[in-house]
Amino acid sequence: MITAVTVGLFLCEIGARMILDPIDYLSPSLVNDNILGRKLPPKSSGHDAWGFRNRSINESPAIVTLGDSHTYGNTAKMTESWPSVLARLTGKPVYNLALGGYGPNQYYYLFKTKALSLKPRFIICGLYMGDDFDNAYNITYGLDYWQYLRSPNIQKADGWDIWEKRSELHWNKKLRNWLSKNSMVYRVTVHGLFDKLKGAMQVQYASDLYEDTAILIVNNKNIHEAFRPKFLVRGLSQDDQNVREGMRITFALLKEINETCRNRNITFIVGVIPTKESVYSDYIEHNKQLKMSKEIDQVILNEKKAREKLFMFFKDGKIQYVDMLPLMKRAKEKEKIYASSGVDMHPNKNGYRVIAEAIEGHLR
């Protein structure tokens with residue numbers, strides 16, 4: 001019986017790899033990097049020779065995209081990420097230089113070392129409001145390569161690593177991580193077939209499962225979402241010195257990218273991706289019936305303040321930008337635009353399509 005099960009699983013694994021694309025299912029293994037913090041090894045889990053989520057390195061793309069997990073396309077297939085959808089909408093080749101956990105520093109470094117060498121017509125940066133400013137502070141004050149960006153009166157970060165420390169994980173979590181990286185059958189079964197069921201249960205029982213999670217259910221609008229504002233409150237707080245420093249660093253890096261692009265006749269555009277809380281603000285802001293309503297209101301207010309500063313910076317620096325918030329607020333009334341796992345902050349394929357359509361409209 002053991003032999004039969006083993007052979008059966010082995011054959012299923014071979015079949016899955018022949019039918020499905022590993023880049024959409026297998027979790028890639030990150031390695032340490034003194035500049036980027038973490039990166040993907042070349043051709044890891046189906047990624048290209050530079051370690052990014054593309055079929056191959058396109059040596060002459062019309063568009064290059066920079067960003068974090070929202071541009072990489074977490075919770076969606078590679079063909080459903082907004083850079084891939086943008087390529088289909090515009091009919092222009094797009095090369096995606098995004099990776100989950102990255103921030104403005106990584107965008108800038110990849111812009112200098114990779115994007116410029118491809119000589120694109122457009123470079124588009126997906127800036128996520130939820131944690132990009134916090135990421136800029138953490139890596140600038142956590143890795144010595146970036147010390148030239150530091151201010152003398154700001155304390156060095158205790159730790160820059162925003163990824164999980166694998167050495168601290170329990171053995172069963174380590175086993176699940178190993179299976180996620182190596183088994184298509186595990187990924188398809190656990191993260192595919194059961195994903196919708198898990199998402200529905202997470203939303204329905206989120207308050208019981210997670211003490212820091214709020215639930216929004218509006219049955220007549222087919223809205224079933226969960227929010228975890230605690231993780232965003234400090235990362236957007238305009239009263240936090242480190243967040244303000246992260247914004248200063250972000251503005252400096254974006255300004256240099258824009259000036260370099262202008263000198264090389266490249267159009268630079270920033271796509272501003274909002275938090276899930278702001279997208280649903282008309283339902284959850286000042287809603288005392290929701291759990292963690294105070295934290296939700298803080299996130300929305302802090303994001304409003306940060307957006308005002310960001311857009312003023314764009315206008316003063318003559319940087320083109322696309323504000324995704326109005327479009328995503330409208331889209332969420334018509335269809336589900338966030339991942340089926342209710343506690344996930346990432347868009348689903350519908351949400352990524354909305355982002356791509358917004359950028360395509362700006363380009364057109």
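Scroll up to find the structure.
As the structure is a computational prediction, the values presented were derived from the model and not from experiment.

Which residues make up the pairing of strand S6 (residues 214–218), and what values go with them?
For S6, the buried fraction is high: 4 of the 5 residues fall into the buried class. Here S6 runs beside strand S7 (residues 223–227); their pairing, made up of 5 bridges, is antiparallel. From the neighbouring strand, Ala-214 faces S7, where its bridge partner is Phe-227.

Lay out the packing of aromatic side chains with the relevant residues and their values.
Scanning the model with the defined rule gives 12 aromatic pairs in all. Between Phe-313 and Phe-314 the ring centres are 5.7 Å apart and the planes differ by 45°, which places this aromatic pair in the tilted class. Comparing Phe-313 with Phe-314, the two get one shared label, buried. Taken together, the ring pairs in this structure connect Phe-251, Phe-311, Phe-313, Phe-314 and Tyr-321 into an aromatic cluster. The ring of Phe-227 is capped by Lys-276, whose NZ or CZ atom sits 5.4 Å from the centre of that ring. When the ring centre of Tyr-280 is taken as reference, the NZ or CZ atom of Lys-332 above it lies at 5.8 Å.

Before we move on, could you go through the layout of surface pockets and cite the residues and values that matter?
In this structure, the second largest pocket spans a volume of roughly 270 Å³. What lines the second largest pocket is a set of 15 residues, among which Asn-54, Arg-55, Met-78, Ser-84 and Val-94 lie closest to the centre. Counting residues per element, the ones that place at least two in the lining of the second largest pocket are helix H3 (82–90) and strand S4 (94–96). Of the residues belonging to the lining of the second largest pocket, the class tally is 6 nonpolar, 7 polar and 2 charged.

Hey, could you go over the nonpolar core for me, with residue numbers and the actual values?
In terms of nonpolar packing, the biggest core is built from 92 residues, with Trp-82, Ile-123, Phe-268, Tyr-280, Ile-284, Leu-310 and Phe-314 touching the most fellow members. Not counting residues within four places of it along the chain, the set of residues in contact with Trp-82 comprises Thr-65, His-70, Thr-71, Ile-124, Gly-126, Ile-273, Tyr-352, Ile-355, Ala-356 and Ile-359.

Give a detailed account of the packing of helix H4 (residues 104–115) against helix H5 (residues 132–140), specifying residues and quantitative values.
Where H4 meets H5, the closest approach of the two axes is 7 Å, and the angle between their N-to-C directions is 75°. Classified by the angle between their axes, H4 and H5 sit roughly perpendicular to one another. Contact residues: H4 offers Pro-104, Asn-105, Gln-106 and Tyr-107, while H5 offers Asp-132, Ala-136, Ile-139 and Thr-140. Taken together, the residues that form the contact of H4 with H5 break down as 4 nonpolar, 3 polar and 1 charged.

Reading the values: rules and limits
Residues numbered from 1 in each chain as written. Predicted model: local features only at pLDDT ≥ 70, side-chain atom pairs only at ≥ 80, totals over all residues. Heavy atoms only, no water. Buried < 20%, exposed > 50% of the residue type's maximum accessible area, 1.4 Å probe, protein only. Helix = DSSP H or I, 4+ residues; strand = E, 2+ residues; numbered from the N terminus. Pairing = 2+ DSSP bridges. Phe/Tyr/Trp six-rings, centres within 6.5 Å; stacked < 30°, edge-to-face > 60°. Lys NZ or Arg CZ within 6 Å of the ring centre and 35° of its normal. 1 Å grid on protein atoms, 1.4 Å probe; cavity = no way out; pocket = protein on both sides within 12 Å on 5 of 7 lines; lining within 4 Å. Points joined across faces, edges and corners; volume = space filled by probe spheres on them. Nonpolar A, V, L, I, M, F, W, Y, C, P; charged D, E, K, R; others polar. Core = buried A, V, L, I, M, F, W, Y, C linked by side-chain atoms within 4.5 Å. Contact = heavy atoms within 4.5 Å. Axes fitted to C-alpha atoms, helices over the stretch in contact; angles between N-to-C directions. Parallel < 35°, antiparallel > 145°, perpendicular 65-115°, else oblique.

Treat this as a map of the structure, not an account of what it does.
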